[in-house]
Amino acid sequence: MPLYKINSFVYKYIRFIEMVGVLMRIFSFSLVSWLGAESPFFFVWAFNTTDAVILSWCSILKKDNAYTLLNVFWIMVGIVGMLRACSFSFHDFTNTVFHFLDQLAAFFQSLAL
């Protein structure tokens, strides 16, 4: 489906779609407030990032720069939150990349012999 058709659908129902995004955000922050450390953090971050995508899309269509910036920021925060929720660390990532490159170099070196 072309993007302009999706945009026209979103624009037609923008008030409803925005309300869904706002209710999603209220729900995710309420969940964290009530459950505290027992919150399912990955779910909360994924849910919060999804509502940020919805609200960003609506604010882009409405040409509302302030809310676009705010919600795009929340998308970035959500991605970092999801990575942290699954115990992702930059140190582990760099070690994995260097190990992969080392194995790749050894493989190509064995082909050259």
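So, here is what we can say about the structure in this document. This is a predicted model, so every value here is computed, not measured.

### Considerations on the packing of aromatic side chains
Now for step 1: This structure, assessed with the given rule, holds six aromatic pairs.
Now for step 2: Residues Phe29 and Trp74 carry aromatic rings whose centres are separated by 5.8 Å and whose planes lie at 75° to one another, so their mutual orientation is edge-to-face. Highlighted residues: Phe29 in helix 2 (residues 14-35) and Trp74 in helix 4 (residues 65-85), separated in sequence by 45 residues.
Now for step 3: A ring pair is formed by Phe107 and Phe108, whose centres lie 5.5 Å apart and whose planes are at 65°; its orientation type is edge-to-face.
Now for step 4: Overall, the relative accessible area of 45% leaves Phe107 in the partly exposed class.
Now for step 5: Site record: aromatic cluster; members linked through ring pairs are Phe27, Phe43 and Phe47.

### Section: the side chain of Thr49
Now for step 1: When you line up the elements, Thr49 lands in helix 3 (residues 41-61).
Now for step 2: At 2.7 Å, the side chain of Thr49 forms a polar contact with the backbone oxygen of Trp45.
Now for step 3: Among all residues touching Thr49, those that are not within four sequence positions of it are Ile75, Gly78, Ile79 and Met82.

### Quick look at the pattern of salt bridges
Now for step 1: A complete count under the given rule lists two salt bridges for this structure.
Now for step 2: A salt bridge links Glu18 to Lys62; the nearest nitrogen and oxygen atoms lie 3.2 Å apart. With Glu18 in helix 2 and Lys62 in the loop between helix 3 and helix 4, this pair connects stretches of sequence that are 44 residues apart.
Now for step 3: You can call Lys62 partly exposed: its relative accessible area is 42%.
Now for step 4: For Asp51, the salt bridge is made with Arg25, and the minimal N-O distance between the two is 2.7 Å. Taken as a pair, Asp51 in helix 3 and Arg25 in helix 2 lie far apart in primary sequence, 26 residues in all.
Now for step 5: Residue classification places Asp51 among the buried positions, given a relative accessible area of 0%.

### A few points about the packing of helix 3 against helix 4
Now for step 1: Between helix 3 and helix 4, whose axes approach to 8 Å, the crossing angle comes to 160°. Here helix 4 runs roughly antiparallel to helix 3, going by the angle between their axes. Crossing of helix 3 over helix 4 shows left-handed handedness. Seen from helix 3, the contacting residues are Phe41, Phe42, Trp45, Ala46, Asn48, Thr49, Ala52, Val53, Leu55, Ser56, Ser59 and Ile60; seen from helix 4, they are Tyr67, Thr68, Asn71, Val72, Trp74, Ile75, Val77, Gly78, Ile79, Gly81, Met82 and Ala85.

Procedures and definitions
- Residues numbered from 1 in each chain as written.
- Predicted model: local features only at pLDDT ≥ 70, side-chain atom pairs only at ≥ 80, totals over all residues.
- Heavy atoms only, no water.
- Phe/Tyr/Trp six-rings, centres within 6.5 Å; stacked < 30°, edge-to-face > 60°.
- Helix = DSSP H or I, 4+ residues; strand = E, 2+ residues; numbered from the N terminus.
- Buried < 20%, exposed > 50% of the residue type's maximum accessible area, 1.4 Å probe, protein only.
- Polar contact = N/O pair within 3.5 Å; in protein donor to acceptor, adjacent residues only side chain to side chain.
- Contact = heavy atoms within 4.5 Å.
- Salt bridge = Lys/Arg side-chain N within 4 Å of Asp/Glu carboxyl O.
- Axes fitted to C-alpha atoms, helices over the stretch in contact; angles between N-to-C directions.
- Parallel < 35°, antiparallel > 145°, perpendicular 65-115°, else oblique.
- Left-handed = near helix turned anticlockwise from the far one by under 90°.

As far as function goes, none of this settles anything; it's purely spatial.
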